[in-house]
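Chain and residue survey
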Amino acid sequence: MSNYTIKGETGEWEVVIGLEVHAQVTSNAKLFSGAATAFGAEPNTQVSLVDAAMPGMLPVPNRECIRQAVRTGMAIDAQINKWSRFDRKNYFYADLPQGYQISQLYHPLVGEGSLTIEADEKAGIAEAKRIGIERIHVEQDAGKLMHDQHPTMSYVDLNRSGVALMEIVSKPDMRSPAEAGAYVRKLRAILRYVGSCDGNMEEGSMRADVNVSVRKPGDAFGTRTETKNVNSVRFVMAVIEGEAKRQVALIESGGTVVQETRLYDPDRNETRSMRSKEDAHDYRYFPDPDLLPLELDDAFLDECRASLPELPDAKRARYIGEGISAYNADVLTAEVEAARWFDALLEAGAKPVAAANWVTSELFGALNRLGKDISESPVSPAQAAELLGLVADGTISGSIAKQVFEKMLESGDGAAAIVDRDGLKQTSDTGAIEAEIAKVLSANADKVAQYKGGKEALFGFFVGQTMKAMQGKANPQVVNELLKKALG
Amino acid sequence: MTDLTNLTVAQIRDGHRAGDFSAVEVAEAFNANVAGAKALNAFIVETPEHALAAAKQADADRAAGTLKPLSGVPIGMKDLFATNGVQTTAASHMLEGFVPRYESTVSQKLWDAGAGMLGKLNLDQFAMGSSNETSYFGNVISPWRRKDGGPNLKEGAALAPGGSSGGSSAAIAARLCPAATGTDTGGSIRQPAAFTGISGIKPTYGRCSRWGIVAFASSLDQAGPMARDVRDCAIMLQNMAGFDAKDATSLDLPVPDWEAALSGDLKGKKVGIPREYRLDGIDPDIDAMWDAGIAMLKDAGAEVVEISLPHTKYALPAYYIIAPAEASSNLARYDGVRYGLRDLPQGAGLQDMYAATRAEGFGPEVKRRIMIGTYVLSAGFYDAYYTQAQKVRALISRDFTAAFETCDVILAPTAPSAAFGLGEKTADPLAMYLNDVFAVPASLAGLPAMSVPAALNREELPLGLQIIGKAFDEQGVLNAGLAIEERASFTARAEKWW
Amino acid sequence: MAIDQATVRKIASLARIAISDAEATAMEGELNGILGWVEQLGEVDVTGVEPMTAVIPNTLRLRDDVVDADPLTGGNRRDDVLANAPEPQHGFFGVPKVIE
Ligand SMILES: [Mg+2]
Ligand SMILES: [Zn+2]
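About the thresholds
- Residues numbered from 1 in each chain as written.
- Chains lettered and ligands numbered in written order.
- Predicted model: local features only at pLDDT ≥ 70, side-chain atom pairs only at ≥ 80, totals over all residues.
- Heavy atoms only, no water.
- UniProt positions renumbered as here; feature names shortened; annotations may be inferred.
- Helix = DSSP H or I, 4+ residues; strand = E, 2+ residues; numbered from the N terminus.
- Rg over C-alpha atoms; globule rule 2.2 N^0.38 Å.
- Buried < 20%, exposed > 50% of the residue type's maximum accessible area, 1.4 Å probe, protein only.
- Contact = heavy atoms within 4.5 Å.
- Phe/Tyr/Trp six-rings, centres within 6.5 Å; stacked < 30°, edge-to-face > 60°.
- Buried area = accessible area lost by both parts, 1.4 Å probe.
- Salt bridge = Lys/Arg side-chain N within 4 Å of Asp/Glu carboxyl O.
- Donors = N, O, S within 2.8 Å, 3.2 Å for Na, K, Ca; no water.
- Polar contact = N/O pair within 3.5 Å; in protein donor to acceptor, adjacent residues only side chain to side chain.
- pLDDT = per-residue confidence, 0-100.
- Axes fitted to C-alpha atoms, helices over the stretch in contact; angles between N-to-C directions.
- Parallel < 35°, antiparallel > 145°, perpendicular 65-115°, else oblique.
- Nonpolar A, V, L, I, M, F, W, Y, C, P; charged D, E, K, R; others polar.
- Domains from an automatic or database assignment.
- Pairing = 2+ DSSP bridges.
- Left-handed = near helix turned anticlockwise from the far one by under 90°.

An unreviewed UniProt entry annotates chain C as Aspartyl/glutamyl-tRNA(Asn/Gln) amidotransferase subunit C originating from Sphingopyxis panaciterrulae. UniProt annotates chain C under Sequence similarities (unreviewed entry) with the comment "Belongs to the GatC family." Turning to chain C, the UniProt annotation filed under Subunit (unreviewed entry) states: "Heterotrimer of A, B and C subunits."

Per an unreviewed UniProt entry, chain A carries the name Aspartyl/glutamyl-tRNA(Asn/Gln) amidotransferase subunit B and comes from Sphingopyxis panaciterrulae. Entered under Sequence similarities (unreviewed entry) in the UniProt record, the comment concerning chain A runs "Belongs to the GatB/GatE family. GatB subfamily." The UniProt entry for chain A carries this comment under Subunit (unreviewed entry): "Heterotrimer of A, B and C subunits."

Here it is, written out as structure tokens:
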């Protein structure tokens, strides 16, 4: 249970949150036309006659968009509806060329599913929580309006018009900004694992409509407001916090929350009512007569299922099963690129626990320093596996491994080659080690006396001095044994 | 030399092929007729140069031995089909001056088959109407004139050519073109054909691509040919039909050679006569024609059986919910943003611009249907109206399926009356709608149906018989139509007065 | 369900059609006439009947995910798209300023 509450004058209020996430489906062409979907093109160049709603134009659905939505549904264990339909949502706006959006109201492609957010003590999420997902439907994106290019005109760019979106509608199952943030992050991770959406929130590939209401614990749901098109996790959390407080203050001062659409202004960190859209609430949904019902066969569904990768939860469980800590497993599975990199490392023969520790500390640390993504890592999984292999088989020590890794990052050379070239191999040559021990003990006769007098903590000092004399290349176990013998 | 404009499509095609005349001679003859028939107002745009260019190509192709199925045949194009570089208006002020940069699939197929375009034919605005009186560019006048029909019917009064394909029907009847395209949403090919003594077929829904045809009601709209006889309808249809990947409702079926399989011999066929189409108080001339048609089909070897289509009575009200609902949404794109009319009153915002543009650009009948459609889809009314209508539609379709278990084709009148006078029904929208009572059921069920001229009434105006077939059985429809055509020997034509 | 002037105005507003008082009055009568007539559909027993979805048995075909495979349904034709625009502006469609 979340213990997040808003403290008002009349007591504590619980916040109820539902999210409608619009995720752009990864596809080459639009949902109902052959125009390209690439981001950032010249205005109105990626617009077909169909997208501009010229007279007599007709929609024909893109198989890949349907396939990606189905795969996404499977990834959240949802009911996949083999029979679905497209409906028209009718309203007038300059970014909506047809005068209706083709969407799915009555019979969506994907029915109920869920995802799980992990416990996060720091964020106040005490334990893992399952968040219900009501449905996923497929629909068209609208175009874009620009208001700042002309004193009396707005400009319409239809490049986005008709791009495929999945609208992923959660149940009102979240109770704190942190839970909502974790939900969006988890959803984004799943979409990126599946490959159905690039999750790029800055480019608008993912944006959320945030439904917020407040109630006294145990009461029925309050009236909700919907804040549209919030495009970062941070903003989603800020909207919830701000909106919950606004609603509590409003109710406590004798007002009532009206069900309305609101807009978030990140610069002022506040929401305001979008009165301009209020009179357009009668959308007159009806089945699109240009499109027949969408019927999916088993072969199509089988292919969708077979093409799904291992998903974050399964991967996390597998890692933990291999002895990796829950914390490291979370870190490694949060981003699909990191998880893929780590899997390649395991595949190349690295031992899971050591590999996880090395990736989360050494590799991530180095990438952070270099300002690089894991996809740009100068060291490949195979090269890293070679390095970790040298540690595992005792060829080099952990501390030497750090040096070798730095050299790998600088030169791009392989670990074994560097160890060979620079003579960094760890030695178990007892003669050479014994000789260095003898020197260390004679140079520190006072400390030897203290040790023998009972100050056993000095043992570590002798190990360090011997290792230093051996330039780090002595096998620490052998050093230990020989030192014990020498100190009798 | 014979008047080339009296020839049928088949005769023009065959005569041109045989070298009896050149395609240019044919095009020039029709161009001259078009130019001389302004009084009929059948065309919104005349394109004599297009017809001539196609004719020159046809003559060259003949010399080269590369003739196409419609080489040398000029036709009229209903102004609902987008034509690349030629104004396309749907007879509305909204699209006045709109010049598409694309060609509809059906018109492209016709040009690819060698046909030439004489011009863009007038119609009811956005194909909404049964008399052609809703056109922004003025109504078409039928070439037909009434003989003395009694005290209530003025002799010689201007008559409606039917609608919405009234420009097509009038132009063919007046020999301005040998054939034309039409579209049929609730009778818009069949009723005007019946009113003007020509033939027309609406194929199975999905046979002809809707891509590039200005939409009225998507689940009903279907293109088809209009021509002087059944053979010409078959020739035209097989050059219009065919699968189109750009239309998600297009039927992925091969196009049969309907012309080659034409036969007026109906031995072994059963013809159904729907009991519910015998309306009380119907014009006795219509009843008499129907009975004569039954006799003709018996004579052609068919067995006649009585059938029942119990939900017939509800077809028209269902249609007047479904078609306006779809239209209200299909016509939302006419908003003054991307093409067509824009009316921007001083200081108007975006939503005011929409309202002003649409008030100015749509005629009264279009507005009426958009209003009805908007109402029946609005919150609280959707299920009572739209869902109920789609359920009734399913029942109407079921009626036909059941009937076709006992018969192969259905015979009925095309319309409940002959052509009415212009202005006679404009005051009462409902009276106008009732004119489609026999045509609408087949539209709702997506079935192929055609009208063939069968008789003259007592005012010496043409009357049409309708044949409705099973889905995909255009051949059965055409063959029954041919059997009637062979026996009705309908040769009457409008006397030239224009 | 008879509709009144206010309803006529509401529908006209939803449909974005400006109407005068005279038109609203005329339309009130016409719409009531038509709607009164279509209401006879309510008599039909439709128990167990699914609303019609496809008039001819046919299933929805899906398109391959290929850009500009057919120029008629592909992009890269801004000139054609803007050719009939009432207010083309630097490659955009111009509309009166919208305040969101
Ligand atoms: Mg929403
Ligand atoms: Zn949406």
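Okay, the overall build of chain C next. Tallying secondary structure elements over chain C gives three helices and two strands in all. Moving toward the C terminus, one meets the helices and strands of chain C in the order α-α-α-β-β. For chain C, the C-alpha radius of gyration of 23 Å lies well beyond 13 Å, the compact-globule estimate for 100 residues. Structurally, chain C occupies a C-alpha span of about 50 × 45 × 25 Å along its principal axes.

Residues and elements named next belong to chain B. Listing the buried residues of helix 4 (residues 105-112) in full gives Thr105, Val106, Ser107, Leu110 and Trp111. For helix 4, the secondary structure elements touched by its buried residues are helix 3 (48-64), strand 2 (74-78), strand 3 (116-121), strand 4 (179-184), strand 6 (222-227) and helix 7 (230-240). Immediately beyond the C-terminal end of helix 4, within one or two residues, lies Gly114, with a positive phi of roughly 100 degrees.

All names here are of chain B. Counted by the stated rule, this structure contains 31 aromatic pairs over all chains. With 5.4 Å between their ring centres and 15 degrees between their planes, Tyr277 and Phe438 make a pair best called stacked. In this pair, Tyr277 is assigned in the loop between strand 7 (270-274) and helix 8 (284-299) and Phe438 in the loop between helix 13 (429-433) and helix 14 (440-444), connecting sequence segments 161 residues apart. Phe438 matches Tyr277 in its accessibility class, with the two residues each being buried. Each ring, one from Tyr382 and one from Tyr386, has its centre 5.5 Å from the other, and the planes form 20 degrees; the classification is stacked. With Tyr382 and Tyr386 both in helix 12 (residues 382-403) and four residues apart, this pair spans about one turn of that helix. Taken as a pair, Tyr382 and Tyr386 share a single burial class, namely buried.

Time to look at the interface of chain B and chain C. Many analyses report the size of an interface as the accessible area lost when the parts associate. In this assembly, 75 residues from chain B lie in contact with 54 residues from chain C. Here chain B packs against chain C, burying approximately 5300 Å² in sum over the two surfaces, 71% of which is carbon and sulfur. In terms of surface lost to chain C, no three residues of chain B exceed B:Arg101, B:Met371 and B:Tyr375, which account for 14% of the buried area on that side. Remark: the boundary between chain B and chain C carries four salt bridges. Between B:Arg368 and C:Glu30 there is a salt bridge, with its nearest N and O atoms 2.8 Å apart.

So, on to the coordination of the zinc ion (ligand 2). Residue and element names in this part refer to chain A. His22 (NE2), Glu139 (OE) and Glu167 (OE) make up the full set of protein donors to the zinc ion (ligand 2), lying at 1.9 to 2.1 Å. Spacing between the donor residues of the zinc ion (ligand 2) along the chain follows H-x116-E-x27-E. Separating the zinc ion (ligand 2) from the magnesium ion (ligand 1) is a gap of 5.2 Å. Of this pair, His22 sits in strand 2 (residues 11-24) while Glu139 is found in strand 7 (residues 129-140), placing the two residues 117 residues apart along the sequence. Given the relative accessible area of 3%, Glu139 is considered buried.

Attention shifts here to the coordination of the magnesium ion (ligand 1). Surrounding the magnesium ion (ligand 1) are the protein donor atoms A:Glu20 (OE), A:Asp209 (OD) and A:Glu226 (OE), at 2.0 to 2.5 Å. All donor residues of the magnesium ion (ligand 1) come from one chain, and their arrangement in sequence is E-x188-D-x16-E.

Contacts between chain A and chain B engage 30 residues on the former and 36 residues on the latter. Summed over both partners, the interface of chain A with chain B buries about 2800 Å², with 61% contributed by carbon and sulfur atoms. Sorting the residues of chain A by area buried against chain B places A:Pro55, A:Leu58 and A:Phe92 first, and these three jointly supply 23% of that buried surface. The interface formed by chain A and chain B holds one salt bridge in total. Where B:Arg210 meets A:Asp290, a salt bridge forms, and the shortest distance between an N and an O atom there is 2.9 Å. Linking chain A with chain B are 18 residue pairs in polar contact (both at pLDDT 80 or more).

This part takes up the pattern of salt bridges. One pass over the full model with this rule turns up 71 salt bridges over all chains. In this structure, A:Lys7 engages A:Glu12 in a salt bridge whose closest nitrogen and oxygen atoms are separated by 3.5 Å. Residue classification places A:Lys7 among the exposed positions, given a relative accessible area of 61%. The residue A:Lys439 makes a salt bridge to A:Glu436 at a minimum N-O spacing of 3.5 Å. In this pair, A:Lys439 and A:Glu436 both sit in helix 12 (residues 430-443), three residues apart, roughly one turn of the helix. Judged by relative accessible area, A:Lys439 falls into the exposed class, the value being 52%. Through salt bridges with shared partners, one network takes in A:Arg88, A:Asp288, A:Asp290, B:Arg210 and B:Asp247.

Take the confidence of the model for chain C next. Residue and element names in this part refer to chain C. Across chain C, pLDDT averages 95, with 98% of residues at or above 70. Model confidence for chain C, summarised as mean pLDDT per element, is weakest for helix 2 (residues 21-38) at 95 and strongest for helix 3 (residues 78-82) at 98. Reported for the predicted complex are a pTM of 0.93 and an ipTM of 0.97.

All names here are of chain B. It is at 9 Å that the axes of helix 8 and helix 15 (residues 474-488) come closest, and there the two elements cross at 105 degrees. One finds that helix 8 runs roughly perpendicular with respect to helix 15. Only Ala480, Ala483, Ile484, Arg487 and Ala488 of helix 15 make contact with helix 8, whose side of the interface consists of Met296, Leu297 and Asp299. The residue inventory of the contact of helix 8 with helix 15, partitioned by class, reads six nonpolar, no polar and two charged.

Let's shift gears to the domain arrangement of chain A. Residue and element names in this part refer to chain A. Segmentation of chain A into domains returns domain 1 (6-300), domain 2 (310-422) and domain 3 (430-486). When each unit is reduced to the centre of its C-alpha atoms, the spacing between domain 1 and domain 2 is 37 Å. Between domain 1 and domain 2, the buried area comes to about 930 Å², and carbon and sulfur atoms account for 52% of it. For domain 1, the biggest contributors to the area lost against domain 2 are Glu118, Arg192 and Tyr193; these three give 67% of the whole. At the boundary of domain 1 and domain 2, one finds five salt bridges. Taking the shortest distance from any N to any O, the salt bridge between Glu335 and Arg192 comes out at 3.0 Å. The tally of links between domain 1 and domain 2 comes to six residue pairs in polar contact (both at pLDDT 80 or more).

Next up on the list: the sheet that holds strand 4 (residues 87-90) of chain A. An order of 5-4-15 (chain A) is seen for the three strands of this open sheet, with the pairing classed as antiparallel. Strand pairing shows two members of the sheet lacking a second neighbour, strand 5 (100-103) and strand 15 (286-287) of chain A, which therefore form its edges. Set on the sheet, helix 9 (residues 315-330) of chain B makes contact with strand 4, strand 5 and strand 15 of chain A; between it and strand 4 of chain A the angle comes to about 60 degrees.

Let's shift gears to the pairing of strand 9 (residues 153-157) of chain A. Counting buried residues in strand 9 of chain A gives five out of five residues, a clear majority hidden from the surface. Of the two faces of strand 9 of chain A, both are covered, the one formed by A:Met153, A:Tyr155 and A:Asp157 as well as the one formed by A:Ser154 and A:Val156. Pairing between strand 8 (residues 144-146) of chain A and strand 9 of chain A: three bridges, direction antiparallel. Looking across to strand 9 of chain A, one finds that A:Met146 is bridged to A:Tyr155. Remark: six residues form the turn of the hairpin made by strand 8 of chain A and strand 9 of chain A, two consecutive strands paired antiparallel. Summarising the sheet, strand 9 of chain A and strand 2 (residues 92-96) of chain C pair through four bridges and their orientation is antiparallel. Looking across to strand 2 of chain C, one finds that A:Met153 is bridged to C:Pro96.

For any two helices packed against each other, the geometry comes down to the angle between their axes and how far apart the axes lie. Residues and elements named next belong to chain A. Where helix 7 (residues 336-347) contacts helix 8 (residues 352-370), the axes come no closer than 11 Å and their chain directions differ by 135 degrees. Taken together, the axes of helix 7 and helix 8 lie oblique to each other. Note on packing geometry: the crossing formed by helix 7 with helix 8 is right-handed. Judged by residue contacts, Ala338, Trp341, Phe342, Leu345 and Leu346 of helix 7 engage Pro352, Ala355, Ala356, Trp358, Val359, Leu363 and Phe364 from helix 8. Residue composition of the contact of helix 7 with helix 8, grouped by class: twelve nonpolar, no polar and no charged.

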